[in-house]
Amino acid sequence: MSTQLSTPTAILLGSAMIAAAVYLGLRHGPAAVAPDARAGAAPPIEAGPGASAATAERAGAPAPQSAKAVPRDEVARQAALALDAHRPALVDRCYKPAIAAKPEPRAVKYVFNITFDAGGRQIARGLIEDQETARPEVTACLVAALPPVAIPAPGANVRVDVPFSLP
């Protein structure tokens, strides 16, 4: 005679085995994760006594912690200036063709969500379009045409929301 397990008992035993495997696998923590292959890819750069923070950052070293982080308002102002520098090209490439095809609505409003690293380079960017003034063709062109923006080094990673409109 053979004994068979009931379905609920089999499910219970299977769940217990999975739980044990997960527990034992997670006990090892982050050391069990394979290191990033890109971490050591760049050749070391020798930094002498007169090397700047920018040289150290290009070498992969973290920015000096002694520098004070720039306030979020100032980062938002600098990001707005960086976006404004691209406005004339965006108006010519994206806005004018759309207005020629369909004149209303005249203004197109957006909010950029931009995250900068400690060195002032853009590391993430999102775009929120105002539904009242929506022009999908302008938005698509804007996303494709606007290069990553950069600001003076804020000293820490910072995420800001920046209003932007065309024309």
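Because the structure is a prediction, the values reported are computed rather than measured.

Engineer: How do you make sense of the packing of aromatic side chains when you look at a structure like this?
Structural biologist: When we look at a pair of aromatic rings, we describe it by the centre distance and by the angle of the planes. With the rule as written, the count across this model stands at one aromatic pair. Aromatic side chains Phe-112 and Phe-164 sit 5.6 Å apart centroid to centroid with 70 degrees between the ring planes, which places their arrangement in the edge-to-face category. Of this pair, Phe-112 sits in strand β1 (residues 108-116) while Phe-164 is found in strand β3 (residues 158-166), placing the two residues 52 residues apart along the sequence. Summarising the burial analysis for this pair, Phe-112 and Phe-164 share the class buried.

Engineer: What am I meant to see in the environment of Ala-145 here?
Structural biologist: Take Ala-145: it is sitting in helix α4 (residues 136-145). Measuring from C-alpha to C-alpha, the distance between Ala-145 and Arg-93 comes to 8.0 Å, with 52 residues separating the pair along the chain. Here Ala-145 is in contact with Leu-90, Arg-93 and Cys-94, once residues within four sequence places are set aside.

Engineer: Please explain the pattern of salt bridges as it appears in this structure.
Structural biologist: Opposite charge on two side chains makes pairing possible when the charged atoms of those side chains draw close. A full pass over the atoms with the stated rule returns six salt bridges. Notably, a salt bridge pairs Asp-92 with Lys-96, separated by 3.0 Å at the nearest N-O pair. Within this pair, Asp-92 and its partner Lys-96 are both found in helix α3 (residues 72-101), separated by four residues, close to a single helical turn. Asp-117 is paired through a salt bridge with Arg-121; the nearest N and O atoms lie 3.0 Å apart. The class for Asp-117 is buried, based on a relative accessible area of 11%. Taking the relative accessible area as the measure of exposure, Arg-121 reaches 46% and is therefore partly exposed.

Engineer: When you look at the nonpolar core in this model, what are you seeing that I'm missing?
Structural biologist: Nonpolar side chains tend toward joint burial in soluble globular proteins. Counting residues in each nonpolar core, the largest one holds 28 residues, and the members touching the most others are Leu-83, Leu-90, Phe-112, Phe-116, Val-160, Phe-164 and Leu-166. Put simply, the parts of the chain that give this core at least two residues each are α3, β1, α4 and β3. Beyond its immediate stretch of four places on either side in the chain, Phe-112 contacts Leu-83, Arg-125, Gly-126, Leu-127, Leu-142, Leu-146, Val-160, Asp-161, Val-162 and Phe-164.

Engineer: Would you mind going over the state of the cysteines with me for this structure?
Structural biologist: Covalently bonding the sulfur atom of one cysteine to the sulfur atom of another cysteine gives a disulfide. Under the definition given, this model contains one disulfide. Residue pairing for Cys-94: its cysteine sulfur links by disulfide to Cys-141, the two sulfurs lying 2.0 Å apart. Where Cys-94 bonds to Cys-141 through sulfur, the torsion about that S-S bond is close to -70 degrees, and the disulfide is left-handed. Here Cys-94 is found in helix α3, whereas its partner Cys-141 is found in helix α4, with 47 residues between them in sequence.

About the cut-offs
Residue numbering note: each chain is counted from 1, following its sequence as written. Predicted model: local features are reported for residues with pLDDT of at least 70 only, side-chain atom pairs are reported and counted for 80 or more only, and whole-chain, interface and lining totals are derived from all residues. Side-chain numbers here rest on the full set of heavy atoms in the structure, without hydrogens or water. Note on aromatic contacts: the rings of Phe and Tyr and the six-membered ring of Trp form a pair at centre separations within 6.5 Å, being stacked when their planes are under 30 degrees apart, edge-to-face when over 60 apart, and tilted otherwise. Here a helix means four or more residues in a row that DSSP labels H or I, a strand means two or more in a row labelled E, and each is numbered from the N terminus. Only protein chains enter the area calculation, which uses a 1.4 Å probe; residues under 20% of their type maximum are buried, those over 50% are exposed, and those in between are partly exposed. By the convention used here, residues are in contact when the closest approach between their heavy atoms is within 4.5 Å. Any carboxyl oxygen of Asp or Glu within 4 Å of a side-chain nitrogen of Lys or Arg constitutes a salt bridge here. To form a nonpolar core, buried Ala, Val, Leu, Ile, Met, Phe, Trp, Tyr and Cys residues must be joined to one another through side-chain atoms within 4.5 Å. The disulfide criterion used throughout: a pair of cysteine sulfur atoms within 2.5 Å.

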